[in-house]
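Okay, here's what each chain looks like letter by letter:
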Amino acid sequence: MSEPKAPTPAPGDTYKGWLFKWTNYIKGYQRRWFVLSNGLLSYYRTQAEMGHTCRGTINLATANIAVEDSCNFVISNGGTQTYHLKASSEVERQRWITALELAKAKAFRMQAESDDSGDESSPPAAGQGGGSRNSEVQSTLRTLGSKVEDLSTCNDLIAKHGSALQRSLSELEGVRLEGQTSEKIRQVTERATLFRITSNAMINACRDFLSLAQAHSKRWQKALQAEREQRVRLEETLEQLAKQHNHLERAFRGATVLPPSQSNPAIDNKGSAQVKGDASDEDDENEFFDACEDVQEFITVPADPKYHRRSGSNVSGISSELGMDDGTTSLDEQSLASNPESPQSQEVVPVRKRRTRIPDKPNYSLNLWSIMKNCIGKELSKIPMPVNFNEPLSMLQRLSEDLEYYELLDRAAKCHNSLEQMCYVAAFTVSSYSTTVHRTGKPFNPLLGETFELDRLQESGYRSLCEQVSHHPPAAAHHAISERGWTLRQEIALASKFRGKYLSIMPLGSIHCIFEKSNNHYTWKKVTTTVHNIIVGKLWIDQSGEIDVVNHKTGDRCHLKFAPYSYFSRDVARKVTGVVTDKDGKAHYVLSGTWDEKMECSRVMQSSRGGENGAEGRQKTVYQTLKAKELWRKTPLPDGAENMYYFSTLALTLNEPEEGVAPTDSRRRPDQRLMEQGRWEEANAEKQRLEEKQRTVRREREREANRSASPSEEGKEPADGAEEVEIASEPAETTYKTETLHGSHPPAYSSGHQDNYKAMWFERRVDPSTGEPTNIYRGGYWEAKDQGNWDSCPDIF
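Quick caveat, the model's predicted, so the values are computed rather than measured.

Definitions and cut-offs
- Residues numbered from 1 in each chain as written.
- Predicted model: local features only at pLDDT ≥ 70, side-chain atom pairs only at ≥ 80, totals over all residues.
- Heavy atoms only, no water.
- Helix = DSSP H or I, 4+ residues; strand = E, 2+ residues; numbered from the N terminus.
- Buried < 20%, exposed > 50% of the residue type's maximum accessible area, 1.4 Å probe, protein only.
- Contact = heavy atoms within 4.5 Å.
- Areas by Shrake-Rupley, 256 points an atom, 1.4 Å probe, with all protein chains shown as cover.
- Polar contact = N/O pair within 3.5 Å; in protein donor to acceptor, adjacent residues only side chain to side chain.
- Axes fitted to C-alpha atoms, helices over the stretch in contact; angles between N-to-C directions.
- Parallel < 35°, antiparallel > 145°, perpendicular 65-115°, else oblique.
- Pairing = 2+ DSSP bridges.
- Lys, Arg positive; Asp, Glu negative; His and termini not counted.
- Salt bridge = Lys/Arg side-chain N within 4 Å of Asp/Glu carboxyl O.
- Phe/Tyr/Trp six-rings, centres within 6.5 Å; stacked < 30°, edge-to-face > 60°.
- Lys NZ or Arg CZ within 6 Å of the ring centre and 35° of its normal.

Caption draft 1: Structural detail: the overall build of the chain. When its secondary structure is counted, the chain shows 16 helices and 29 strands. Among the 797 residues that make up the chain, the fraction classed as buried is 47%. In the chain, the share of contacts with a sequence separation of at least 24, taken over all contacts with a separation of at least 6, comes to 61%. Surface summary for the chain: the accessible area is close to 40,400 Å², and the carbon and sulfur share equals 51%.

Laid out in structure tokens, this is it:
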């Protein structure tokens, strides 16, 4: 929310406000918060930094203030510091010029008085506000001395007038008066004497305090100055270490990843570029941090109280509070209304008791870098990865974990308003990332034809099926259907970028959610997952990017933004923000939260342009909203999760043995089962056997496809390699065949070889909503399960 413009200050007043400060030729003018106080002009990145991080300070006593044009002005102290500033308007610039000139004049007088008094004060700490603190101490002492002098003057006056009063009273005593009057005069005289004695005692105490403060002030100032200088040295050391780390990282990347011809001249010449003004803190941050703090695209403020009206009934009151008078069901009403599927209205049916623990993870020493260091700059589709770096789940099971918070889709299915439904769908898209916070282990790459069934009809009313439909590049199809009126399907292939220090994984493909009652069809894509500290340090995961959730029936849209982590950001880590708009672009809800904890939504009552200026002077949109309502909150991990690969309650049950599933189900995979039991050496041997078996079947299938296509042409066999993990090649290498999509043989993924493989339970079609080719469930799995007939399933284990 934009700060109100302060009036022109009187001398001595503190003046604060936003100004645009020139940083460098790359970033240009950046908005900063400036504070003018006690003859010092300091600036901060945000108002929240005022309590702890000053980005720079300039003393106005020796500064020169020059006006460049209608909005720009320059402040310089003789060459060491120069601020090129720009105000939002000419009026605002004039206010700042007036305040700066007044502060400069006062600072000059204070400095002259300090020089005349011969006060041996220490010089201020450069750039860290030390001078501001020393000036404040000196000013306080001078003020204290001035007040004591005033008290002394008052004491003299009191003594003078008191003496005159006593003389007058003494003269009155000499006059013959009645006895009662004489007694009154005597009492007044005594009280006047007591008052003079007390006043003198007060003045003496104040004089003693002033003497004591003056005696110790220099020692206090020296101690304060020493602390400031030590802080400056520590910050300079930290900055130097960060720069050295950045130079090493650049040298490492240039030597192992990019050839000299592909280096970025803008980055290479950055150090030699001429910078206008002083070298600011934001330049250094932009130089050596991967993720920069991003400016929020909009601002939310509380709506006018007139919108918080209530009607007579409870139900209408809830709707009115959310600003919905169109008869639609509110978000609160959805969660509070009676529910036919609620436990109160259902008969208690015994359900299967799922396991709550798995064997603890063995304490093996891991060195991911020893394997990944040989893969920098090379194709990452074939990397030998032992089970030491895995978790005992397959990628198909990890994909099924997207349904961890299926209740959000259940609530969305009950919504009558598509915009409210969009809020729940958006919260569901964010919730799917909450299970990845601590999950740095690599899931098993599924074998071609491997499946995973998640049947929760009895407990939760849904069931899902995943199948590995392609092996090069790895791609999996997922289909979930609920008795409560929604269907979810997706096909995910993965692309990656590995740069030594971090690994970025970019899911390719769309996710579809269709609601049976309203026929609303939503689609969205996943954001980029980045694994940091591949070389050294503790692995940690971040999600960053943007998601557009689109309702293809109504045109509603929700734009979600996952903010990348930044060390210097004062914002909440893992933050997610979003706005729900209708087909005309009008905002109805604002979403906010974090992808690892919770999401909230606020009803938009009014929106306007012209809030705080964003990056490059763009104006932000200001949304006036009602009180936020919580949509989703993460369920805490079970006890001992740190010893069980940080699995959630659902993840602990995914690999639990279950009767009746297909022979290709991930639960039946032997190397994964051995790893879960802690028998890692046997699991590695079994993993190599399965990989060799898969390669043999693939070579035979390619030979058969080549013979069918051209009997006289002998196809090339791919070289034997290790397991193809779920780190795919670059996106350009992932292509589809161009055959017709309506024939009897749907095209498969193509990567330069013939392959006649067709998925067992999915078939490739063109999605009517997005126009993209995708694998869609064609039926038959649960019918085969009911019959117990798995004769058509391949033998992959």
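Caption draft 2: Local environment of the environment of Tyr646. Tracing the sequence through the fold places Tyr646 in the loop between β25 (629-633) and α13 (649-654). Residues within four places of Tyr646 in sequence aside, it is in contact with His438, Arg439, Leu637 and Ala641.

Caption draft 3: Structural context of the environment of Arg354. Tracing the chain through its elements places Arg354 in the loop between α7 (331-336) and α8 (368-372). Arg354 gets classed as buried once you look at its relative accessible area, which sits at 18%. Along the sequence, Arg354 and Glu656 sit 302 residues apart, while their C-alpha atoms lie 8.1 Å from each other. Engagement of the side chain of Arg354 in a polar contact is seen with the side chain of Glu459, the distance being 3.0 Å.

Caption draft 4: The arrangement of the packing of helix α10 (residues 407-414) against helix α11 (residues 418-431) in detail. Look at α10 against α11: their axes get within 8 Å of each other, and the N-to-C directions meet at 170°. With respect to each other, α10 and α11 are oriented roughly antiparallel. On the side of α10, the interface is formed by Leu408, Leu409, Arg411, Ala412 and Ala413, while α11 contributes Gln421, Tyr424, Val425, Ala427, Phe428 and Ser431.

Caption draft 5: Broad picture of the pairing of strand β16 (residues 511-515). Most of β16 is tucked away: 4 of the 5 residues are buried. Bridge count between strand β14 (residues 486-498) and β16: 5 bridges; the pairing is antiparallel. The partner of Thr487 across the bridge, within β16, is Ile514. Direction of pairing for β16 relative to strand β17 (residues 521-524): antiparallel, over a ladder of 4 bridges. Residue pairing in the sheet places Ile514 in a bridge with His521 of β17. Two successive antiparallel strands, β16 and β17, enclose a turn made up of 5 residues, where Asn519 displays a positive phi of approximately 65°.

Caption draft 6: Just the side chain of Glu404, in detail. Within the secondary structure, Glu404 sits in the loop between α9 (395-400) and α10. For Glu404, which is buried and forms no salt bridge, the nearest opposite charge comes from Arg439, at a distance of 6.8 Å.

Caption draft 7: Quick look at the pattern of salt bridges. Inspection of every chain in the model, using the stated rule, returns 37 salt bridges. Residue Lys785 pairs with Glu453 through a salt bridge whose shortest N-O separation is 2.5 Å. Placement of the pair is Lys785 in helix α16 (residues 781-787) and Glu453 in strand β11 (residues 451-456), with a sequence separation of 332 residues. A salt bridge links Arg673 to Glu676, with the nearest nitrogen and oxygen atoms 3.3 Å apart. Linking Arg673 with Glu676, this pair stays in helix α14 (residues 670-676), spanning 3 residues, or about one helical turn. Taking the relative accessible area as the measure of exposure, Glu676 reaches 6% and is therefore buried. In the salt-bridge network here, residues are joined through shared partners; they are Arg352, Arg354, Glu459, Glu656, Glu658, Asp665 and Arg667.

Caption draft 8: Spotlight on the packing of aromatic side chains. According to the stated counting rule, one finds 19 aromatic pairs in the structure shown. Taken together, a centroid distance of 5.7 Å and an interplanar angle of 65° make the contact between Tyr777 and Trp782 edge-to-face. When sorted by exposure, Tyr777 lands in the same class as Trp782, which is buried. Clustering of aromatic rings is evident, with ring pairs tying together Trp761, Phe762, Tyr777, Tyr781, Trp782 and Trp790. Taking NZ or CZ as reference, Lys86 lies 5.8 Å from the ring centre of Phe20, over its face.

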